[in-house]
Amino acid sequence: MPEFCDVALAVPLDMVFTYRVPAGMEPVIGGRVLVPFRQQRMSGIVTELHDRQPDAGGKKVQIKNVISVLDEAPVLDESLLRLGRWIADYYLAPLGEVFRTMLPLGAEFKRSIVYRIAESGHMALHLAGMAGSSARSQKTPEDQYAEFRVLDYLANRETAKEETLRNATRASKAVLDGMVRKKWIAREDSSDARNAERTVKVAILKPVEGDGKIRANANQRTLLDALASAGGRLAVVELQSLGVPRTTLSTLVKRELVEIIDEAADFTVSTIKARPSPFHFEFSPAQKNALQQIQDGAASGKFSGMLLHGVTGSGKTAVYLTAMRAVLEQNRSAILLVPEIGLTPAVAADLHQVFGEEVAILHSALTDKERAEQWWRIKRGEARIVVGTRSAVFAPVSDLALLIVDEEHDSSYKQEETPRYHARDVAVVRAKMANAVIVLGSATPSLESYFNAKKNKYALLELPDRVQARPLPEVEVIDMRQEFQETGQEQVLSRRLIEEIKDRLERKEQVMVLLNRRGYSPVVLCRTCGQTLQCENCAVALTHHKRSHKMECHYCGFQAKVPDSCAKCGSEYVYFLGTGSEKLEELLHGLFPQARIGRLDRDTVRGREDLEQMLAALNEGELDLLVGTQMIAKGHDIHGVTLVGVVGADMALGFPDFRAAERTFQLLTQVAGRAGRGETPGKVVLQTYFPDHYAVQYAAAHDFINFYEKELRFRSWMHYPPYSSLANVLLRSEKLDEALRWSGILGKWFESTRHEGVRVLGPAAAPILRLKKDYRYHFVLKSPSREKLNATLRAMLAHAAKNKIPRTQVIVDVDAVWLM
């Protein structure tokens, strides 16, 4: 066994760390090890085993030992290690943080802070003891008493957990921090591997000897009867929901009438009812052609990229499922990425209907243990079909043949924290490394993907018509400027939209209304002094949430009470401006009191179950009208919806972002596509203050090609993607002068250094100057050469490090999609 191993740790440093491998340990490349790092224990991925003595520039360096080996076999195989290195290199992200993102195995690793007494702590305790009670009887600050109690407690123990120590000694966190600084005690990160298997406690009714009669009070009888009617076994959580005191069950256990055991918990892929099987209807010629090309590509064993451009309702999902079934029949694997957790349950239900237990699901709404369980199922080969959001691109499938990115244009595929990877682009690279087929599907492809298809980097597959020759919905554009002139007041809903909703409800048809802004009112304004209520941590207004009676920041989560008067001038004339989805729901309840109305946004959907229940209710016809944010616009296939109302979806056109028109066109087209997917033709009522804008006009005409050509001309003039690569460099600090100074240092470096083929814009204040307590200044870099852009960014990071600008405060976002 080699003497040393290099380990990638999840820390913001662009390097790996070398550790000595003790005798008897056998780490493996791609496996996890537990190692000491500063005052902590951390798990990391072994990237290399070797016998090279680490070089510290001629200085003698002490090499720490690996504490333990966590995996006998690699958790990341050679292909995933290679993919991780590519991500780290391309997105300029620390390798250890990339590997942490790729491995959803946090549930297998338990971390806790422990304290031990140091030598100087023993000395301090000894001196305090020599001083005797007379010294301690003087007026000594409480903190010094607390320090003595901590030292006395730790002197008789090897270590103590932080929670236990604080409970036993009544010492505050500040006291412990001070003692660590004095080096009286040492703080350590104690980490242990643990079993990630999910279990559930089950109560089992034990057989009764004799005549079978049991003496029991009313509460005990309730539990015994519930167990008997359930066949003698029931989950403890279900018994606890019967309204009986928890002690009742404990009493039955003590009387040996009931036994409680741990059983492996079941995992439900989705509670949503699956749609009709795609194999029960005739494919159109365009679908057959697309399917044939995908199957031929997968069978060839060579990399091929394809863009499936199909209008909304054209049967893209049916093509995906059929292609995946063909792959599975060859005992190979496939991954399907969807942009939102909201789409995962519906797609997972479809896949489970077709593929049964061969399906695994990966997304952020799962618990840590559920994610780890699903990951291991894939790793063991028990599931060859994977569906999930962006992190599912790292699923450890073997013999990957097909990778599909549905709604490939969606910005949620871009991660907004380190590593800032784009799942669509990572999927393309992974498919290339695996000699697999990558299919990018959308009704509104990103300009970059469609541009690549036109340049023959991808094969372009077209589905120009809806299934069964169903018509695209009619779109009626309502000019809200004219509406204001005719009614004399600002309207949330136009008269035409109200009339259409009333008509659909009378015909027992379903309606969706989109307002892409959650909350009740987005702005609170004092009419006397003009002051708005701002977030304490961000340069944004707080949003009023009426149902929870609070003001909330949608960026950092800060909350405040709803004001009765102005905090600045004391005036009671506080005015709530604007409309969010919560207010729209209230307005619709007032207009249509008999209608069954639901709301789908981040406030009503807190977990997987909430979302599945709402979508199931809509599917089953239990809701007449659904209000929501962009969550309702993506991919949902509800055949009863015949009318879609669009309220304020053109607000994004005012953003200082070169992608504003593209985003607006995509959102309008996608939400319009929810109408008329069943037998009854659909209609869209689109309210806008910008009826002449080309994004609105082309969305109303379902005309992607003309939008693409017009938008492309603007991009070419301004050298924006797809004509150049782009990176956003952001400097942040809680201190304004520090953020300004750092941006000035980098700004002078950009000015004084030649960067051939790279344009640099900035420094400038970010559109949102302050976010999550940090002041933010940024540069935008553009270059037709990815290599030159990457080299410039690396040189910039080196200069930042030389000037002692912390790496965590310099955000490098390659291929940025959000410049705010």
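Here is what the cut-offs are and how they apply
- Residues numbered from 1 in each chain as written.
- Predicted model: local features only at pLDDT ≥ 70, side-chain atom pairs only at ≥ 80, totals over all residues.
- Heavy atoms only, no water.
- pLDDT = per-residue confidence, 0-100.
- Contact = heavy atoms within 4.5 Å.
- Pairing = 2+ DSSP bridges.
- Helix = DSSP H or I, 4+ residues; strand = E, 2+ residues; numbered from the N terminus.
- Axes fitted to C-alpha atoms, helices over the stretch in contact; angles between N-to-C directions.
- Buried < 20%, exposed > 50% of the residue type's maximum accessible area, 1.4 Å probe, protein only.
- Patch = residues over 30% accessible without salt bridge, like charges linked within 9 Å, V, L, I, M, F, W, Y side chains within 5 Å.
- Areas by Shrake-Rupley, 256 points an atom, 1.4 Å probe, with all protein chains shown as cover.
- Salt bridge = Lys/Arg side-chain N within 4 Å of Asp/Glu carboxyl O.
- 1 Å grid on protein atoms, 1.4 Å probe; cavity = no way out; pocket = protein on both sides within 12 Å on 5 of 7 lines; lining within 4 Å.
- Points joined across faces, edges and corners; volume = space filled by probe spheres on them.
- Nonpolar A, V, L, I, M, F, W, Y, C, P; charged D, E, K, R; others polar.
- Core = buried A, V, L, I, M, F, W, Y, C linked by side-chain atoms within 4.5 Å.
- Disulfide = S-S within 2.5 Å.
- Parallel < 35°, antiparallel > 145°, perpendicular 65-115°, else oblique.
- Left-handed = near helix turned anticlockwise from the far one by under 90°.

### Examining the confidence of the model for the chain
Per-residue confidence for the chain gives a mean pLDDT of 87; residues scoring 70 or more make up 91%. pLDDT under 50 marks residues 133–140. Its contacts with residues more than four places away, or in other chains, come to six contacts.

### What about the sheet that holds strand E16 (residues 400–406)?
Hydrogen bonds along the backbone pair up the strands of a sheet, which may run parallel or antiparallel. The sheet built from seven strands is open, its strands ordered E14-E15-E13-E16-E17-E12-E18 with parallel pairing. Both edges of this open sheet fall to strand E14 (359–362) and strand E18 (459–463), since each of them pairs with a single strand only. Pairwise comparison of adjacent strand axes, ignoring direction, gives a mean angle of 15 degrees for this sheet. The pairing of E16 with strand E17 (residues 437–442) spans five bridges and is classified as parallel. From the neighbouring strand, Asp406 faces E17, where its bridge partner is Gly441. Packed on one face of the sheet, helix H14 (residues 423–434) meets strand E13 (333–337), E16 and E17 and runs near 165 degrees to E16.

### What to know about the side chain of Thr312
By the element assignment, Thr312 lies in the loop between strand E12 (304–310) and helix H11 (316–329). Using a relative accessible area of 7% as the deciding quantity, one classes Thr312 as buried. If we skip the residues at most four places from it in the chain, Thr312 touches Ala443, Arg466, Leu472, Thr669, Gln670, Gly673, Arg674 and Arg677.

### Side note on the environment of Thr367
Checked against the element boundaries, Thr367 lands in the loop between E14 and helix H13 (368–379). A relative accessible area of 41% means that Thr367 is categorised as partly exposed. C-alpha separation for the pair Thr367 and Ala765, spaced 398 residues apart in sequence, amounts to 38 Å.

### What about a nonpolar patch on the surface?
Taken together, the side chains of Tyr555, Phe655 and Trp818 present a nonpolar region at the surface, about 290 Å² in accessible area. For Trp818, the location among the structural elements is in the segment after strand E33 (810–814).

### With respect to empty space enclosed by the protein
Think of a ball as big as a water molecule: rolled over the atoms, this probe shows where empty space is left. By the definition in use, this model includes one cavity of 30 Å³ or more. Around the largest cavity sit Leu223, Leu239, Gln240, Val244, Pro245, Arg246 and Leu249, which together line it. Broken down by secondary-structure element, the contributors of at least two residues to the lining of the largest cavity are helix H8 (236–240) and helix H9 (246–254). Class assignment of the residues belonging to the lining of the largest cavity gives a composition of five nonpolar, one polar and one charged.

### What to know about the nonpolar core
Note that soluble globular proteins tend to have their nonpolar side chains buried in a common cluster. Residues Leu76, Leu337, Leu600, Val646, Leu793, Met796 and Val810 are the most contacted members of the largest nonpolar core, which totals 112 residues. Discounting residues that sit within four places of it in the chain, Val810 has contacts with Val729, Leu730, Leu731, Met796, Leu797, Ala800 and Ile805. Counting residues in hydrophobic clusters, the runner-up holds 33 residues, among them Met306, Tyr320, Val387 and Leu463.

### Quick notes on the sheet that holds strand E5 (residues 68–69)
With respect to topology, five strands assemble into an open sheet ordered E2-E1-E4-E3-E5, the strand pairing being antiparallel. The open sheet has two free edges, formed respectively by strand E2 (17–20) and E5, since each of these has just one partner strand. Across four bridges, strand E1 (residues 4–9) lies against E2 in antiparallel orientation. Bridge assignment links Phe4 to a residue of E2, and that residue is Arg20. Along the sheet face, helix H2 (residues 95–102) touches E1 and strand E4 (40–50) and points at about 70 degrees away from the line of E1.

### A word on the state of the cysteines
Going through the model one piece at a time under the given rule, you end up with zero disulfides. Between Cys529, a cysteine without a disulfide, and Cys566, which holds the nearest cysteine sulfur, the sulfur-to-sulfur distance is 3.7 Å. Overall, the relative accessible area of 34% leaves Cys529 in the partly exposed class. We note that Cys535 lacks a disulfide partner, and the nearest cysteine sulfur, in Cys556, lies 3.6 Å from it.

### Observations regarding the packing of helix H1 (residues 78–90) against H2
Relative orientation of the contacting elements H1 and H2 amounts to 130 degrees, with a least axis distance of 9 Å. Relative to H2, H1 is oriented oblique. In the packing of H1 onto H2, the handedness of the crossing is right-handed. Side by side, H1 and H2 meet where Leu80, Leu81, Leu83, Gly84, Arg85, Ile87 and Ala88 of the first sit next to Leu95, Val98, Phe99 and Met102 of the second.

### Some points on the environment of Leu440
Of note, Leu440 is situated in strand E17. A C-alpha to C-alpha distance of 4.9 Å links Leu440 and Val405, two positions 35 residues apart in sequence. Beyond its immediate chain neighbours, meaning those up to four positions away, Leu440 contacts Met306, Leu307, Leu308, Val405, Glu408, Arg424, Val428, Ser449 and Tyr458.

### Concerning the packing of helix H23 (residues 736–752) against helix H24 (residues 786–802)
Packing of H23 against H24 brings their axes to within 11 Å, and their N-to-C directions diverge by 130 degrees. The pairing of H23 with H24 is recorded here as oblique in orientation. For the crossing formed where H23 meets H24, the hand is right-handed. Packed against H23, whose contacting residues are Ile745, Leu746, Trp749 and Phe750, the element H24 presents Thr792, Ala795, Met796, His799 and Ala800 at the interface. Split by residue class, the contact of H23 with H24 holds seven nonpolar, two polar and no charged.

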